[in-house]
Amino acid sequence: MSTFQAPKGTYDLTPPRSAKFLAVREAISAPLRDSGYGYIETPGFENVELFARGVGESTDIVTKEMYTLTTKGGDQLALRPEGTASVLRAALEANLHKAGNLPVKLWYSGSYYRYERPQAGRYRHFSQVGAEAIGTEDPALDAELIILADQAYRSLGLRQFRILLNSLGDKECRPVYREALQSFLRDLDLDEETRRRIEINPLRVLDDKRADVQKQLTDAPKLRDYLCDACKAYHEEVRALLTAAGVAFEDDEKLVRGLDYYTRTTFEFVHDGLGSQSAVGGGGRYDGLSEMIGGPELPSVGWALGVDRTVLALEAEGVELDLPATTSVYAVPLGEEARRVLFGVVTELRRAGIAADFAFGGRGLKGAMKSANRSGARYTLVAGERDLAEGVVQLKDMESGEQSAVPLAEAAAELAKRLG
Ligand code: HAM
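The structure displayed is predicted, hence computed values, not measured ones.

*Asks:* What am I meant to see in the overall build of the protein here?
*Replies:* Looking only at helices and strands, the protein has 16 helices and 16 strands in total. Its C-alpha radius of gyration of 27 Å places the protein more than 25% over the 22 Å reference for a compact globule of 420 residues. Taken over the C-alpha atoms alone, the protein extends approximately 90 × 50 × 45 Å along its principal axes. Expressed as a percentage of the 420 residues in the protein, the buried residues total 49%. Partitioning the contacts of the protein with sequence separation of at least 6, the portion at a separation of at least 24 is 69%. Carbon and sulfur atoms form 50% of the exposed surface of the protein, whose accessible area is close to 20,700 Å². Averaged over its 52 positive side-chain charges, the protein has a centre that lies 5 Å from the centre of its 63 negative ones.

*Asks:* Is there a simple way to explain the domain arrangement of the protein in this structure?
*Replies:* Interface size is commonly expressed as the accessible area that is lost once the parts come together. Taken domain by domain, the protein holds domain 1 (18–173 + 227–317) and domain 2 (329–419). Computed over C-alpha atoms, the centres of domain 1 and domain 2 are 48 Å apart.

*Asks:* Hey, could you run me through the site of the ligand in this one?
*Replies:* Near the ligand you find 27 residues, and of these Glu82, Glu116, Tyr123, Glu132 and Tyr262 are the closest. Take arginine 257: an N or O atom from its side chain is 2.9 Å from an oxygen atom of the ligand. Contact between the ligand and tyrosine 262: a nitrogen atom at 2.6 Å from a side-chain N or O atom of the residue. Those elements that place two or more of their residues in the shell around the ligand are strand E6 (125–134), strand E10 (279–285) and strand E11 (300–306). Per-element accounting of the shell around the ligand gives the leading share, 6 residues, to E10. The residue makeup of the shell around the ligand, split by class, is 11 nonpolar, 9 polar and 7 charged.

*Asks:* Got a minute to help me understand the pairing of strand E14 (residues 379–383) in this structure?
*Replies:* Put simply, side chains in a regular strand alternate between the two faces of the sheet. Of all 5 residues that make up E14, 5 are buried, and the element is covered over most of its length. Burial along E14 is two-sided: the face carrying Tyr379, Leu381 and Ala383 and the face carrying Thr380 and Val382 are both buried. When strand E12 (residues 329–333) meets E14, the two strands line up parallel, connected through 5 bridges. Across the sheet, residue proline 333 finds its bridge partner in E14, namely alanine 383. Two elements, E14 and strand E15 (residues 392–397), share 4 bridges in a ladder whose sense is antiparallel. Bridging from a neighbouring strand, leucine 381 pairs with leucine 395 of E15.

*Asks:* Would you explain the pattern of salt bridges in this entry?
*Replies:* Opposite charge on two side chains permits pairing when their charged atoms draw close. Within this structure, the stated rule accounts for 35 salt bridges. Put simply, lysine 64 and aspartate 60 hold a salt bridge, and the shortest N to O gap is 3.5 Å. You can call aspartate 60 partly exposed: its relative accessible area is 22%. Where lysine 209 meets aspartate 207, a salt bridge forms, and the shortest distance between an N and an O atom there is 3.4 Å. With relative accessibility at 23%, the residue aspartate 207 sits in the partly exposed group. If you follow the salt bridges from partner to partner, you end up with Asp60, Lys64, Glu193 and Arg197 in one network.

*Asks:* In this structure, what is going on with the layout of surface pockets? I would like to understand it.
*Replies:* Left-over empty space is what a probe sized like a water molecule reveals as it rolls over the atoms. In this model, the second largest pocket occupies a volume close to 710 Å³. Around the second largest pocket sit 31 residues that line it, and Arg174, Asp260, Tyr261, Tyr262 and Thr263 are the ones nearest its centre. Those elements that provide at least two residues to the lining of the second largest pocket are helix H6 (174–186), helix H8 (202–205), strand E9 (263–271) and helix H11 (289–292). Of the residues forming the lining of the second largest pocket, the biggest block, 3 residues, is contributed by H6. For the lining of the second largest pocket, a count of residues per class yields 10 nonpolar, 6 polar and 15 charged.

*Asks:* Got a minute to help me understand the nonpolar core in this structure?
*Replies:* Side chains of nonpolar character tend, in soluble globular proteins, to be buried together. Core analysis: the biggest nonpolar cluster contains 50 residues, and Ile134 and Leu185 have the highest contact counts within it. Those elements giving two or more residues to this core turn out to be helix H2 (48–54), helix H3 (60–63), helix H4 (84–93), strand E5 (104–113), E6, H6 and H8. With 6 residues, H4 is the single largest residue contributor to this core. With near-sequence residues (within four places) excluded, isoleucine 134 lies in contact with Val87, Leu88, Ala91, Leu102, Pro103, Val104, Leu106, Tyr286, Leu298, Pro299 and Ser300. Judged by nonpolar contacts, the second largest core, of 41 residues, contains Ile28, Val129, Ala149 and Phe249.

*Asks:* I tried to follow the side chain of glutamate 268 on my own but got confused; where do I start?
*Replies:* Structurally, glutamate 268 is set in strand E9. Looking at glutamate 268, its side chain comes within polar contact range of the side chain of arginine 257, at 2.7 Å.

*Asks:* Can you help me understand the UniProt feature "binding site: L-histidine" (unreviewed entry) in the protein in this one?
*Replies:* Look at the UniProt record and you will see "binding site: L-histidine" (unreviewed entry) annotated at Glu82, Gly83, Thr84, Arg114, Gln128, Glu132, Arg257, Tyr261 and Tyr262. Taken from the residues named earlier, the lining of the second largest pocket is made up of Arg257, Tyr261 and Tyr262. Among the secondary structure elements, glutamate 82 is positioned in the loop between strand E4 (76–79) and H4. Leaving out residues up to four positions away in the same chain, glutamate 82 has contacts with Phe51, Val55, Tyr112, Arg114, Leu259 and Tyr261. Within the structure, glutamate 82 has its side chain in polar contact with the side chain of threonine 84 (distance 3.2 Å). For glutamine 128, a relative accessible area of 9% puts it in the buried group. In contact with glutamine 128, not counting residues within four places along its chain, are Gly83, Tyr108, Ser109, Gly110, Tyr112, Arg114, Ala304, Leu305, Gly306 and Val307.

*Asks:* Sorry, what's going on with the packing of aromatic side chains here?
*Replies:* For any pair of aromatic rings, the description rests on two quantities: the centre-to-centre distance and the angle between the ring planes. Applying the stated criterion to the full structure yields 15 aromatic pairs. Here a set of aromatic residues connected by ring pairs shows up, and it is made of Tyr153, Phe161, Phe267 and Phe269. Here the basic side chain of arginine 124 rests over the ring of tyrosine 115, its NZ or CZ set 4.0 Å away from the ring centre. Of note, arginine 264 hangs over the ring of tyrosine 234, and the distance from its end group to the ring centre comes to 4.8 Å.

Conventions we followed
- Residues numbered from 1 in each chain as written.
- Predicted model: local features only at pLDDT ≥ 70, side-chain atom pairs only at ≥ 80, totals over all residues.
- Heavy atoms only, no water.
- Helix = DSSP H or I, 4+ residues; strand = E, 2+ residues; numbered from the N terminus.
- Rg over C-alpha atoms; globule rule 2.2 N^0.38 Å.
- Buried < 20%, exposed > 50% of the residue type's maximum accessible area, 1.4 Å probe, protein only.
- Contact = heavy atoms within 4.5 Å.
- Areas by Shrake-Rupley, 256 points an atom, 1.4 Å probe, with all protein chains shown as cover.
- Lys, Arg positive; Asp, Glu negative; His and termini not counted.
- Charge placed at Lys NZ, Arg CZ, Asp CG, Glu CD.
- Domains from an automatic or database assignment.
- Near = heavy atom within 4 Å.
- Polar contact = N/O pair within 3.5 Å; in protein donor to acceptor, adjacent residues only side chain to side chain.
- Nonpolar A, V, L, I, M, F, W, Y, C, P; charged D, E, K, R; others polar.
- Pairing = 2+ DSSP bridges.
- Salt bridge = Lys/Arg side-chain N within 4 Å of Asp/Glu carboxyl O.
- 1 Å grid on protein atoms, 1.4 Å probe; cavity = no way out; pocket = protein on both sides within 12 Å on 5 of 7 lines; lining within 4 Å.
- Points joined across faces, edges and corners; volume = space filled by probe spheres on them.
- Core = buried A, V, L, I, M, F, W, Y, C linked by side-chain atoms within 4.5 Å.
- UniProt positions renumbered as here; feature names shortened; annotations may be inferred.
- Phe/Tyr/Trp six-rings, centres within 6.5 Å; stacked < 30°, edge-to-face > 60°.
- Lys NZ or Arg CZ within 6 Å of the ring centre and 35° of its normal.

Here is the structure:
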């Protein structure tokens, strides 16, 4: 241990568990890559105003959770708490929406930062894989994204997740609902902070986890009763497309999400094995965000899936991922000359695309064989002076325990053959 530790609310990914994170990123992005989504990468920090305007001044993310800093040049920056605002900013800046090919479909993977109270599944540094489809209003696009996330989770072997679905209405019907909700909420017995929230973001009050608040909300006006005909029809179409695709979902009227940019479709993927931080992913439509950050009208939809929580969900379900073996061949040289020769064989194997490793540091046979075992290699190559004198290496099958002498010049080819 050094004098230092990972900062509070963060953790390091170390082998072997880190391999699961790579596998999860790969599994989530694979269906996107196969569906016309191009990879985008944006900086880890942005102008703080982008998130204030994009995510929303009244959200917890902006008011309490952003890591902000002022540069020596006086710029106000924030470590990105989420990806959507950055991706849209970058797409606008690169004029991707003007290339005449809407929607602009993008996927991303990276680190995000929120100054939250750390607990199991909630960290100050976490990672997401996300997807955004920019510039098109089409219920099939909302459905596509939900179906692709479902496909990603299923390909990982995850089963105990549920999809919660809601519609938050649009700029026509939501303000009417908002006012109705506000007048209902103002008559309740609530604390000062919640009363303030009624005025800034009343829908968030519906999301309050406290039992005494929830009890008072039973008769709250329902957004469903206020949706305009266009929003209703849009939502029904999303539901029908999901049903036709065999993707099960639950209608959840209380699903409001913690970011202000959502309109119409919102959804969350929740896992029942995770305790209070049960959302493994979430997203929705954000038809007004582009204009909020100074762009043209670009109705869009997207999601982000949390990599950390997906790994926790896999572990909670006891899913063993089919991880590729990291090492197929492990070489154990006995003596200086063997070292040089086997190092050459290892290099040759690697160039031929075979994962190979080597007992570095001139250890004895026993220690080196222990490392070979630990590496999970299917084969070991052992050579000492006598072997070299005879022009052979000992090839051991670690599964069967069988060992045979193979001509040195043929070792690489023989291994390639055996490993297919
Ligand atoms: P979000 O719901 O804030 O949405 O985050 C998405 C996922 O990131 C969560 O479901 C969770 O798995 C993970 N996550 C969030 N905060 C933490 C944390 N503190 N620790 C661990 N994991 C966390 C968004 O970020 C939106 N940008 C999604 C989106 C994309 N909407 C439209 N497009």
